[in-house]
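Geometric and topological summary
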Amino acid sequence: MPHQGSLAALAGWLTLSLVCLSLPAQAVADPGVDAVTANAEASADSVADPNSIQSVYDCSALTALSPPESPGDWFERSVWASHCYQYQARAVRIVDEEVVTLSVARDIQQGVERDRLHFLDGPSRSLLREGGAFRFELGDSQGAAPASPQALVEHLSRFYRLRFDGEERIANRHAIRLELLPLDAMRYGYRIWLDRETAIPLKRTLIDERGQVLDTFQLVAMTPPERYDGKVELRRPPSSARLDWRAGWLPRGFVAQPLMAMASDSDGPRRHKLYSDGLSTISLFVEPVAGSRVLRPGVHRLGASHAAVRRVQREGQLLQVVAVGELPPNVLVKVAETLELAEGQSQGVSDGARPEAVSNVHQEASS
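Residues numbered from 1 in each chain as written. Predicted model: local features only at pLDDT ≥ 70, side-chain atom pairs only at ≥ 80, totals over all residues. Heavy atoms only, no water.

**Focus: the overall build of the chain**
We count it as follows: Only DSSP runs of H or I with at least four residues qualify as helices, and only runs of E with at least two residues qualify as strands; both kinds are numbered from the N terminus onward. Relative accessible area decides the class of each residue, using a 1.4 Å probe on protein chains only: under 20% of the type maximum gives buried, over 50% gives exposed, and in between gives partly exposed. When checking whether two residues touch, look at their non-hydrogen atoms; a contact exists if any pair is within 4.5 Å. Only the protein chains shown count as cover for residues, with accessible areas throughout obtained via the Shrake-Rupley method and a probe of 1.4 Å.
Looking only at helices and strands, one finds 5 helices and 22 strands in the chain. Relative to its full complement of 367 residues, the chain shows a buried share of 57%. A separation of at least 24 residues holds for 59% of the contacts in the chain among residues at least 6 apart in sequence. In the form shown here, the chain has an accessible surface area of approximately 15,700 Å², with 48% of it arising from carbon and sulfur atoms.

**Thoughts on the packing of aromatic side chains**
How we decide: For Phe, Tyr and Trp, rings pair up if their centres lie within 6.5 Å, where Trp contributes its six-membered ring, and each pair is then called stacked (planes under 30 degrees apart), edge-to-face (over 60) or tilted (otherwise). Charge over a ring is defined by NZ of Lys or CZ of Arg lying within 6 Å of the ring centre and within 35 degrees of the ring normal.
By the definition in use, this model includes 2 aromatic pairs. Centre to centre, the rings of Tyr57 and Trp80 are 5.2 Å apart; their planes meet at 85 degrees, and the pair counts as edge-to-face. Of this pair, Tyr57 sits in strand β1 (residues 53–58) while Trp80 is found in helix α3 (residues 71–84), placing the two residues 23 residues apart along the sequence. You'll find Tyr57 and Trp80 in the same group, each marked buried. Positioned over the ring face of Trp193 is Lys203, at 4.4 Å from the centre of the ring.

**What to know about the pairing of strand β5 (residues 125–130)**
Cut-off, in case you're wondering: If DSSP finds at least two bridges between two strands, the strands pair.
With 6 bridges joining them, strand β4 (residues 112–119) and β5 adopt antiparallel strand pairing. Looking across to β5, one finds that His118 is bridged to Ser126.

**So, α3**
Note the threshold: What a helix is expected to span follows from its residue count: subtract one and scale by 1.5 Å.
Taking 1.5 Å of rise per residue, 14 residues should cover 20 Å, and α3 covers 20 Å from first to last C-alpha, within 8% of that figure. Counting buried positions over the 14 residues of α3 gives 12, a clear majority of the element. Taken as a whole, α3 has its buried residues at Pro71, Gly72, Trp74, Phe75, Arg77, Ser78, Val79, Trp80, Ala81, Ser82, His83 and Cys84.

**What to know about the packing of α3 against helix α4 (residues 149–156)**
Put simply, the test is: Between N-to-C directions, angles cover 0 to 180 degrees, with each direction set by a line fitted to C-alpha atoms, over the stretch in contact for helices. Angle categories are assigned with fixed cut-offs, so that under 35 degrees is roughly parallel, over 145 is roughly antiparallel, 65 to 115 is roughly perpendicular, and the rest are oblique. When the near helix sits turned anticlockwise from the far one by under a right angle, the crossing is termed left-handed; a clockwise turn instead gives a right-handed crossing.
Put simply, α3 and α4 touch, their axes get as near as 9 Å, and they point 135 degrees apart. For the element pair α3 / α4, the angle class is oblique. In this structure, α3 crosses over α4, and the sense of that crossing is right-handed. Of α4, the residues touching α3 (which contributes Gly72, Phe75, Glu76, Val79 and Trp80) are Pro149, Gln150, Leu152, Val153 and Leu156.

**Overview of the environment of Thr63**
Using the following cut-off: Polar contacts here mean pairs of N or O atoms no more than 3.5 Å apart (in protein, one a potential hydrogen donor and the other a potential acceptor; neighbouring residues in sequence count only if both atoms are side-chain atoms).
Mapping Thr63 onto the fold places it in the loop between β1 and α3. When its relative accessible area of 57% is taken as the criterion, Thr63 is described as exposed. Placed 164 residues apart in sequence, Thr63 and Arg227 show a C-alpha to C-alpha distance of 9.9 Å. Of the polar contacts made by the side chain of Thr63, one reaches the backbone oxygen of Ser60; its length is 3.1 Å.

**Re the environment of Trp245**
With respect to the element layout, Trp245 can be found in strand β15 (residues 245–247). You can call Trp245 buried: its relative accessible area is 7%.

**Thoughts on the sheet that holds strand β18 (residues 281–288)**
Taking strand neighbours across the sheet as the criterion, the 6 strands line up as β16-β17-β18-β21-β20-β19 in an open arrangement whose pairing is antiparallel. One side of each edge strand has no neighbouring strand; the edge strands of this open sheet are β16 (255–257) and β19 (298–302). Along the sheet, successive strands turn relative to each other by an average axial angle of 25 degrees, direction set aside. Where helix α5 (residues 329–337) meets the sheet, it contacts β18, β19, β20 (305–314) and β21 (317–325), and its direction lies at approximately 20 degrees from that of β20.

**Observations regarding the pattern of salt bridges**
We apply this condition: Throughout this description, the term salt bridge denotes a Lys or Arg side-chain nitrogen within 4 Å of a carboxyl oxygen of Asp or Glu.
Here the structure, examined in full by the defined rule, presents 23 salt bridges. Residues Arg93 and Asp215 are paired through a salt bridge, measuring 2.7 Å at the closest nitrogen-oxygen approach. In this pair, Arg93 is assigned in strand β2 (residues 85–95) and Asp215 in strand β12 (residues 213–222), connecting sequence segments 122 residues apart. Of the residues examined, Asp215 reaches a relative accessible area of 2% and is grouped as buried.

**Brief notes about unusual backbone geometry**
Unlike most non-glycine residues, Asp96 shows phi in positive territory, near 55 degrees. For Asp96, the location among the structural elements is in the loop between β2 and β3 (98–109). At Gln110, a residue that is not glycine, the phi angle is positive and equals roughly 50 degrees. Of note, Gln110 is situated in the loop between β3 and β4. On the basis of relative accessibility, which here comes to 76%, the residue Gln110 falls in the exposed class.

Quick look at the structure:
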């Protein structure tokens, strides 16, 4: 059996991190609890450093934009809204029979976003994230660069079909419902409810290949949103670990994202890599098999997520490889199996070509 403490810790980490990922829903953030805290601490030191700014949203420009018409227009506007509005809300996250309730407060001070989340069930827990979730980055032969909301929609349109799916009332507000249906078997689908007045994401569900809802995050009540009339600055992660391993294969559209090192609560630093297609994410961990974090090789279900675990030998050391994400299990298994080590030492056969450099050359996984 896997070490139960390790599974519990990983499940708790996923619960906290996925809640953070839901705000804003269309932003890609480092899925690590310690990273969220570190981002808050680092932002205070980096306010005056222009090199710490990844990108800027001029929220005053929202008033000049034409009303959204197509599903892509609405999704693009929701990216703006996720960064440009302030409000307080109550929210729920539902996975299987587990319901987590939270209070959410978003404010912007001197161009810096601040999200405060407090868990209302169980032990008292709070999270603070300052500086916003950084913008999804697209890579090419010249390197990676932040994707504009329009470029993000164009990228997603290659892997998801965006369409209208009706209207509803969510959190006592009129909402437009969008569906993002995967065009392959490498990822799950999403439904997103956007506030008709502001395009703020009010609800998000994750949908599997059978149409079953795996995960729901929803605002159930909120104060009237207030638009920030100025520029919002998104911060770069304060550090990116350079590791001597990489994903040898990724589903099409998944691109390496900036990532800070995660400080572990026990034996030394824990480092990993983050990949995303703009909606879904894959976290890849490689660390020595030791201590309380040992997991049994195989596939573990953790709420709406799965973790594929395998072990490899390298220079006499036994390593644990863990691929985690809200994706079909066979995809995560292949990511774990095709890990590439430094100096051409590969564990498994890679179908992709340098997935961290170019995003459009990845190959499909065999079913």
